[in-house]
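# What the coordinates show
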Amino acid sequence: MTDKTMTPEDVVARLRSGMTLGIGGWGSRRKPMALVRALLRSDVTDLTVVSYGGPDVGLLAAAGKIRRLVTAFVTLDSIPLEPHFRAARQVGAFELSEVDEAMFMWGLRAAANRLPFLPVRAGLGSDVMRVNPELRTVTSPYEDGETFVAMPALRMDAALVHVNRADRLGNGQYLGPDPYFDDLFCEAADSAYVSCEELVADFGTAAPQSLLVKRHAVTGVVATPHGAHFTSCVPDYDRDEAFQKLYATTPWPEFAARFLHGDEKSYQSAVQTWHEENA
Amino acid sequence: MTSRAEYCVLACADTWRDNGEVLASPMGTVPAIGARLAKRTFSPDLLLTDGEALLVGLDGRAEGWLPYRQHLAMVTGGRRHVMMGASQLDRFGNQNISCIGDWERPSRQLLGVRGAPVNTLNNPTSYWVPKHSRRVFVEKVDMVCGVGYDSAAAAGPSATRYHRLPRVVSDLGVFDFATPDHTMRLVSLHPGVTAEEVQDATGFPLARADEVPYTREPTAEELRLIREVIDPQGLRDREVPA
């Protein structure tokens, strides 16, 4: 059986400028932040990012990596508005495809099912139609004759997700309360990379429904303990609220210089030092 | 003496009256207290969430699992009544939480449309505005996220089929859209507020009767529940200062 383990650098080496990249998690929850940080250290740019947005979007926007963003929102949850995303939007730094949360989900489902679109009762009557003039509607072929938005498939070149446990084959397990849409991200992408808190030999007596991501949809597995920091990865850890606040209130160059200059190990160690200084 | 925040809690709670076995989705502190008050009193069948992926009883114990993907199915299935916030709201109930100014290059980027488009076309959607002002109640919203009555009508039968905006509650009063042309109407004033005050704080003409009643008084039991059981820390007063 194929051992799919790799490093964050191996993952980024497989990404190219101009790609469409899906990022799992939701808001400031279970984001594959170690992989995003590796991406920040690379020269990959000009990305179309597809995300239920959190600090993944804020970081990539601040670093000028995004050409187009597909999203329904960007938030840090406990801090409602993402400052770096806002700043980038307010200077017109990237294109935006702003869709509704349910439209986004149907776009993922369409891609995972190899369909060009799926109908959804959402978007009609809202300015989502105005700001996405390429969106089309579809009329039910049955007696009701209703008209729906035909949400196009959100097919991606690559997806990045983070889970609690994974094996070397690419099976991923989540232990928190919500799967978000991580399995769909993997199935909707040509390549998917799963980072995990812990690499395991097997899943023991795990509840089978916790085995979210299946190996046939996964290209690479990366062990990144604390790799979702500073977003939450329950039950392994909650969001690092103090650090998130620092992220949201520190000018970008200063934050990047202190925390993002080195590799993942030096990031984690800089975070630890910051916490010790502020204990 | 009943506080303004407590009248707001009552008005929010009444939004879920007679809703039956649906999910009450409150956004904001006062609506969250209102939903719990409704469930403890006149609407015991309401479903509540823990704000994450669980359906919970009043004691906080799980009675069901509701991750985001299933929550979205509950929206499109219609068994939910959400009370959303609004950065802007117009006379037909169009709501904006996305951005202020021109969408292409906003002067203030906010959250994004979130689930407002799907909510408004599929399940009853009410709004909570903690600070009633002309900045919120505008002639025309900059980005239609939540769909108002005029926008739904213009979009056709698929948009109007399940579209319903039952209430708007603000710190000044209670409103609905039960007018012939579905424009916002002043239903009740919180005690201490005048209709003129509300109109002055609103950026479009409000429909209203000659005599506008006051928002109802709480029962002694409702006040006890709010003050001693649901919100003993007084979080409601932080959202609506006395």
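Notes on the structure follow. (Residues numbered from 1 in each chain as written. Chains lettered and ligands numbered in written order. Predicted model: local features only at pLDDT ≥ 70, side-chain atom pairs only at ≥ 80, totals over all residues. Heavy atoms only, no water.)

With that settled, the discussion passes to the environment of Gln-209 of chain A. Along the chain, Gln-209 of chain A turns up in the loop between β10 (189–199) and β11 (211–213). Distance in space between the C-alpha atoms of Gln-209 of chain A and Val-49 of chain A is 29 Å, their sequence separation being 160 residues. (Helix = DSSP H or I, 4+ residues; strand = E, 2+ residues; numbered from the N terminus.)

Counted under the stated rule, the structure contains 31 salt bridges over all chains. Residues Glu-241 of chain A and Arg-239 of chain A are paired through a salt bridge, measuring 3.2 Å at the closest nitrogen-oxygen approach. According to the relative accessible area criterion, Arg-239 of chain A is buried, its value standing at 15%. Arg-216 of chain B is the salt-bridge partner of Asp-14 of chain B, the closest N and O atoms lying 2.7 Å from each other. Of this pair, Asp-14 of chain B sits in helix α1 (residues 4–15) while Arg-216 of chain B is found in the loop between β14 (207–208) and α8 (220–230), placing the two residues 202 residues apart along the sequence. Judged by its relative accessible area of 15%, Asp-14 of chain B falls in the buried class. Classification of Arg-216 of chain B by relative accessible area gives partly exposed; the value is 27%. Counted as one network, the salt bridges with shared partners bring together Arg-29, Asp-77, Arg-239 and Glu-241 of chain A together with Glu-52 of chain B. (Salt bridge = Lys/Arg side-chain N within 4 Å of Asp/Glu carboxyl O. Buried < 20%, exposed > 50% of the residue type's maximum accessible area, 1.4 Å probe, protein only.)

Moving on, we come to empty space enclosed by the protein. Taken as a whole, this structure holds 1 cavity of 30 Å³ or more when the rule is applied. Here the largest cavity defines a volume of roughly 40 Å³. Taken together, the residues of the lining of the largest cavity sort by class into 4 nonpolar, 2 polar and 2 charged. (1 Å grid on protein atoms, 1.4 Å probe; cavity = no way out; pocket = protein on both sides within 12 Å on 5 of 7 lines; lining within 4 Å. Points joined across faces, edges and corners; volume = space filled by probe spheres on them. Nonpolar A, V, L, I, M, F, W, Y, C, P; charged D, E, K, R; others polar.)

A few words now on the packing of helix α2 (residues 33–41) of chain A against helix α10 (residues 264–277) of chain A. Residue and element names in this part refer to chain A. Between α2 and α10, whose axes approach to 10 Å, the crossing angle comes to 115°. Between α2 and α10, the angle is such that the two are roughly perpendicular. For the pair α2 and α10, the crossing hand works out as right-handed. Packed against α2, whose contacting residues are Ala-34, Arg-37 and Arg-41, the element α10 presents Glu-264, Tyr-267 and Gln-268 at the interface. (Axes fitted to C-alpha atoms, helices over the stretch in contact; angles between N-to-C directions. Parallel < 35°, antiparallel > 145°, perpendicular 65-115°, else oblique. Left-handed = near helix turned anticlockwise from the far one by under 90°. Contact = heavy atoms within 4.5 Å.)

Okay, the interface of chain B and chain A next. The interface is formed by 39 residues belonging to chain B together with 44 residues belonging to chain A. For the chain B face of the interface with chain A, the top three residues by lost area are Tyr-68, Arg-69 and Trp-103 of chain B, together amounting to 23%. Linking chain B with chain A are 4 salt bridges. As a salt-bridge pair, Arg-69 of chain B and Asp-183 of chain A come within 2.6 Å of each other at their nearest N and O atoms. Counting every contact that joins chain B to chain A gives 28 residue pairs in polar contact (both at pLDDT 80 or more). Put simply, the parts of the chain that give the side of chain B that touches chain A at least two residues each are α3 (68–77), β9 (108–109), α4 (116–122), α5 (149–155) and α6 (157–160) of chain B. Its residues assigned to classes, the side of chain B that touches chain A shows 23 nonpolar, 8 polar and 8 charged. (Buried area = accessible area lost by both parts, 1.4 Å probe. Polar contact = N/O pair within 3.5 Å; in protein donor to acceptor, adjacent residues only side chain to side chain.)

What follows covers the layout of surface pockets. All names here are of chain A. Considered as a void within the structure, the second largest pocket measures approximately 200 Å³ in volume. For the second largest pocket, the lining is made up of 15 residues, of which Arg-68, Val-70, Pro-152, Ala-153 and Leu-154 are closest to its centre. Within the residue set of the lining of the second largest pocket, elements represented by two or more residues are β2 (47–51), β3 (66–71) and β7 (147–152). Within the lining of the second largest pocket, the residues separate by chemical class into 8 nonpolar, 4 polar and 3 charged.

Another point: the pairing of strand β12 (residues 173–176) of chain B. Residues and elements named next belong to chain B. Side-chain alternation along β12 places Gly-173 and Phe-175 on one buried face and Val-174 and Asp-176 on a second face that is also buried. Here 2 bridges tie strand β11 (residues 168–170) to β12, and the two strands are oriented antiparallel to one another. In the sheet register, Val-168 faces β12, and the bridge partner there is Phe-175. With antiparallel pairing between neighbouring strands as the criterion, β11 and β12 make up a hairpin whose turn holds 2 residues. (Pairing = 2+ DSSP bridges.)

Time to look at the packing of aromatic side chains. Within a pair of aromatic rings, the relevant descriptors are the distance that separates the centres and the angle that separates the planes. Residues and elements named next belong to chain A. Applying the stated rule across the entire model yields 21 aromatic pairs over all chains. Summarising the aromatic geometry, the rings of Phe-104 and Phe-185 are spaced 6.1 Å apart at their centres and angled 55° between planes, so their arrangement reads as tilted. With Phe-104 in helix α5 (residues 101–112) and Phe-185 in helix α7 (residues 182–187), the pair connects residues that are 81 residues apart, well separated along the chain. Exposure remark for Phe-104: the relative accessible area of 0% places this residue in the buried category. Ring geometry for Phe-243 and Phe-255: centres 5.7 Å apart, planes at 55°, overall tilted. Residue Phe-243 is found in helix α8 (residues 241–249), and its partner Phe-255 is found in helix α9 (residues 252–259); the two are separated by 12 residues along the sequence. Overall, the relative accessible area of 0% leaves Phe-243 in the buried class. (Phe/Tyr/Trp six-rings, centres within 6.5 Å; stacked < 30°, edge-to-face > 60°.)

For soluble globular proteins, the rule of thumb is that nonpolar side chains tend to be buried together. Within the largest apolar cluster, 128 residues are counted, with the highest numbers of intra-cluster contacts made by Leu-108, Phe-181, Phe-185 and Phe-259 of chain A. Top element by residues in this core is strand β8 (residues 156–166) of chain A. It accounts for 7 residues. When near neighbours in sequence (up to four residues on either side) are disregarded, Phe-259 of chain A contacts Phe-243, Leu-246, Tyr-267, Ala-270, Val-271 and Trp-274 of chain A. Counting residues in each nonpolar core, the second largest holds 25 residues, with Ala-5, Leu-10, Val-30 and Leu-37 of chain B among its members. (Core = buried A, V, L, I, M, F, W, Y, C linked by side-chain atoms within 4.5 Å.)

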